[in-house]
Amino acid sequence: MFRSLMASENDLDRTNKLVLPRWEETNGIISFWGQFGWTVRVNNPEAVRTIMYKTDIFPKTSIFDDLKYKGLLTKFLGERNMVSTNAHEWRKRRKIANPAFHRSMPVKTFSVLTSRMFEQIEKADGPVDVQNLLQRFTLDAIGLIGFGFEFNATTNPDGDWVKAYNDVADNIGDFKYLFFPILDTALLGLFPERKKKHESLDRLDELMNQVIQKKKSEIAKGGSNVDDNEKDLLTLMLEAGQGDDEKEALTPEELRNEVMLFFLAGHDTTSNAMNAVLYFLAVNPDIQAKARQEVLDVLGDEPSDVWPTLEQFKQFPYLSKVMKEAIRLAPPISRLVEREVAKDTELAGIFIAKGTSIMIDVLSLHYNPKLWKDPTKFDPERFSEGGELESMPSTYAYLPFGGGARQCIGMNFSMAEQRVALSSILRKYELSLPEDSIHKDGIVFDCVTMTFATKKMMINFTRRY
Ligand code: HEM
């Protein structure tokens, strides 16, 4: 494992070399030496289910509290947020954010952003670097829908705020600074690049505080006339803390931390997911044709842009299966946040001592030949009614969004964003891989710290009208 980490192998190489060959012998529970010492890696679906449901025995790790790490990552996300807290601290945050995510379904905003993406595709001379374009698209989406802020990254990647955000977010989880927090704090002066990130974060923080204050005063004056489903999440969360619920409201600092978390949790994840869908569509022309036909049946085949309505965008069941299968093979989060066992317990018949660090290994679940038929094959039908996933002994073999009470709060939001953009792309363009693609013999993944991503992805977009 150590050799693999030092050689910067990606998570899938590690899964195939070190984890899956030992799956049966270990019953999917295997100890390994990881970033923070010994960890138990779990990829047994029944054991995963237990962990997801017994959150009192398997709370999220307090490793960052113990490390007293106060570097850039903590500064960005705040010391407490929805991903890292447990019990009542977590419940308070989730309770305010849940209704906001339920009410928000901004299909009009997604359509406007997709049209900007089309402008960029039209401007490209030859294949498009979709990873880069999708990262700009999803940054605009989370900026507008997270807190009503226009980054305009799709149209202007060199904009001031786009640069400031990318400055902070790129490589924020660099191992060096997590392992040796002092480099990110007391010795920061020795690392000018890192120091620049801290300065950009201070600017972003100032911006965020201004936006929160402005929104608060707008709401105090009666709010706006925007439809609830098109309102941004910050406004919806501020509104949720009004009137009778005032004592439940989040403080400005807590709100700021949650919105920052939405950025980190919802930006690269969604762009990586869409990047994978475009790749699998490009290399599977029959699946692409079937998904396109479904879209044309709903939106028609007039030679002009047509955007799905709130009702229509739900009517793409086959496209949804394609999206689900893409994130089985390319899950943007390949390992869940570590859990720390609160008392001596047992998982799949194995004794686990109090204090043990547990990591749920999504890739080893998704690529396991004992759980899936021909796991490396791209087959959206696995997600059909009564299909492979439903007939498995445990659906916890599929975990791109986690599960139980801590399941991803942005899942529907992200799927909606993808469905609007992908359906419109399929209507307008035929997708293919360029001859010289580095992915022509199979998708190639990168070794990055925060999310599981492919190496640079170029795609040909051929206009249909
Ligand atoms: C394809 C896109 C996405 C993927 C694959 C994804 C994946 C995940 C996963 C696996 C978890 C569970 C982590 C764990 O249990 O350790 C999670 C939690 C979370 N996600 Fe997402 N996510 C996506 C999009 C989003 C978006 C768009 C947002 C916000 C706008 C978001 C916000 C969150 C938050 C706040 C949590 C913590 C939930 C809690 O602990 O209660 N995610 N996500």
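Residues numbered from 1 in each chain as written. Predicted model: local features only at pLDDT ≥ 70, side-chain atom pairs only at ≥ 80, totals over all residues. Heavy atoms only, no water.

Per an unreviewed UniProt entry, the recorded name for the protein is Cytochrome P450, and the organism is Umbelopsis vinacea. Recorded under Cofactor (unreviewed entry), the UniProt text for the protein is reproduced unchanged: "heme". (UniProt positions renumbered as here; feature names shortened; annotations may be inferred.)

K.L.:
Could you give an account of the overall build of the protein, with specific residues and numbers?
P.N.:
When you go through the protein residue by residue, the secondary structure sums to 19 helices and 9 strands. Radius of gyration (C-alpha) of the protein: 22 Å, near the 23 Å computed for a compact globule of 465 residues. With 465 residues in all, the protein has 55% of them scored as buried. Here the analysis covers contacts within the protein between residues at least 6 apart in sequence; of these, 74% occur between residues at least 24 apart. Surface exposure of the protein reaches about 20900 Å², of which carbon and sulfur atoms provide 52%. Of the charged side chains in the protein, 59 are positive and 67 negative; the average position of the first set lies 2 Å away from that of the second. (Helix = DSSP H or I, 4+ residues; strand = E, 2+ residues; numbered from the N terminus. Rg over C-alpha atoms; globule rule 2.2 N^0.38 Å. Buried < 20%, exposed > 50% of the residue type's maximum accessible area, 1.4 Å probe, protein only. Contact = heavy atoms within 4.5 Å. Areas by Shrake-Rupley, 256 points an atom, 1.4 Å probe, with all protein chains shown as cover. Lys, Arg positive; Asp, Glu negative; His and termini not counted. Charge placed at Lys NZ, Arg CZ, Asp CG, Glu CD.)

K.L.:
So what's going on with the layout of surface pockets? Which residues, and what values?
P.N.:
Considering only enclosed or pocket space, the second largest pocket measures out at about 430 Å³ in volume. Around the second largest pocket, the lining comprises 20 residues; the ones closest to its centre are K324, F401, Q407, M411 and N412. Among the elements that make up the lining of the second largest pocket, the one with the highest residue count is helix α19 (residues 411-428) (5 residues). For the lining of the second largest pocket, the class distribution of residues is 11 nonpolar, 6 polar and 3 charged. (1 Å grid on protein atoms, 1.4 Å probe; cavity = no way out; pocket = protein on both sides within 12 Å on 5 of 7 lines; lining within 4 Å. Points joined across faces, edges and corners; volume = space filled by probe spheres on them. Nonpolar A, V, L, I, M, F, W, Y, C, P; charged D, E, K, R; others polar.)

K.L.:
Outline a nonpolar patch on the surface, listing residues and values.
P.N.:
Taken together, the side chains of F175, F179, F180, I182, L187 and L190 define a hydrophobic patch exposed on the protein surface, amounting to about 570 Å² of accessible area. Mapping F179 onto the fold places it in helix α11 (residues 175-179). (Patch = residues over 30% accessible without salt bridge, like charges linked within 9 Å, V, L, I, M, F, W, Y side chains within 5 Å. Salt bridge = Lys/Arg side-chain N within 4 Å of Asp/Glu carboxyl O.)

K.L.:
Lay out the site of the ligand with the relevant residues and their values.
P.N.:
The full set close to the ligand counts 29 residues, and W90, R94, R339, R406 and C408 are the nearest of them. With respect to the ligand, the side chain of R94 contributes an N or O atom lying 2.7 Å from an oxygen atom. At 2.8 Å from an oxygen atom of the ligand is found a side-chain nitrogen or oxygen belonging to R339. Counting residues per element, the ones that place at least two in the shell around the ligand are α7 (87-103), α14 (252-266), α15 (268-283) and α19. Per element, the largest residue contribution to the shell around the ligand is 4 residues, and it comes from α14. Tallied by class, the residues present in the shell around the ligand amount to 18 nonpolar, 7 polar and 4 charged. (Near = heavy atom within 4 Å. Polar contact = N/O pair within 3.5 Å; in protein donor to acceptor, adjacent residues only side chain to side chain.)

K.L.:
Residue-level account of the environment of R94, with values.
P.N.:
Along the chain, R94 falls in helix α7. Along the chain, R94 and T345 lie 251 residues apart, while their C-alpha atoms are 27 Å from each other. Apart from the residues within four sequence positions on either side, R94 is in contact with M82, A405, R406, Q407, C408 and I409.

K.L.:
Summarise the packing of helix α12 (residues 192-220) against α14; cite the residues concerned and give the values.
P.N.:
Contact geometry for α12 and α14: axes closest at 10 Å, N-to-C directions at 120 degrees. Viewed along their axes, α12 and α14 form a crossing whose handedness is right-handed. Residues L201, L204, D205, M208, I212 and K216 of α12 form the contact with α14, whose own contacting residues are P252, L255, R256, V259 and M260. When grouped by side-chain class, the residues that make up the contact of α12 with α14 number 8 nonpolar, no polar and 3 charged. (Axes fitted to C-alpha atoms, helices over the stretch in contact; angles between N-to-C directions. Left-handed = near helix turned anticlockwise from the far one by under 90°.)

K.L.:
Can you break down empty space enclosed by the protein residue by residue, with the values?
P.N.:
Here the structure, examined in full by the defined rule, presents 1 cavity of 30 Å³ or more. Roughly 40 Å³ of internal volume is contained in the largest cavity. Contributing to the lining of the largest cavity are F147, F151, Y165, L204, L207, M208, M260 and F263. Only α12 and α14 provide two or more residues apiece to the lining of the largest cavity.

K.L.:
How would you sum up the coordination of the iron atom of the ligand? Please name residues and give values.
P.N.:
On the protein, C408 (SG) is the one donor atom to the iron atom of the ligand, at 2.3 Å. In this structure, C408 sits in the loop between α18 (362-366) and α19. (Donors = N, O, S within 2.8 Å, 3.2 Å for Na, K, Ca; no water.)

K.L.:
Break down the pattern of salt bridges for me, citing the residues and quoting the values.
P.N.:
If the charged atoms of two oppositely charged side chains come close together, the side chains can form a pair. A complete count under the given rule lists 33 salt bridges for this structure. Here E239 ties to K231 by a salt bridge, and the two come within 3.2 Å at their closest N and O atoms. Beyond isolated ion pairs, a larger network of salt bridges with shared partners links R80, E89, K92, R93, E254 and E258.

K.L.:
Which residues make up the pairing of strand β2 (residues 37-42), and what are the values?
P.N.:
Of all the 6 residues making up β2, 5 are buried; the element is thus mostly covered by neighbouring parts of the structure. Pairing between β2 and strand β7 (residues 357-360): 3 bridges, direction parallel. Considered in β7, the bridge of V42 is made with I360. (Pairing = 2+ DSSP bridges.)

K.L.:
Describe the UniProt feature "binding site: heme" (unreviewed entry) in the protein, with residues and values.
P.N.:
UniProt annotation of "binding site: heme" (unreviewed entry) refers to C408 when read in the numbering used here. If sequence neighbours within four positions are ignored, C408 has contacts with R94 and F401.

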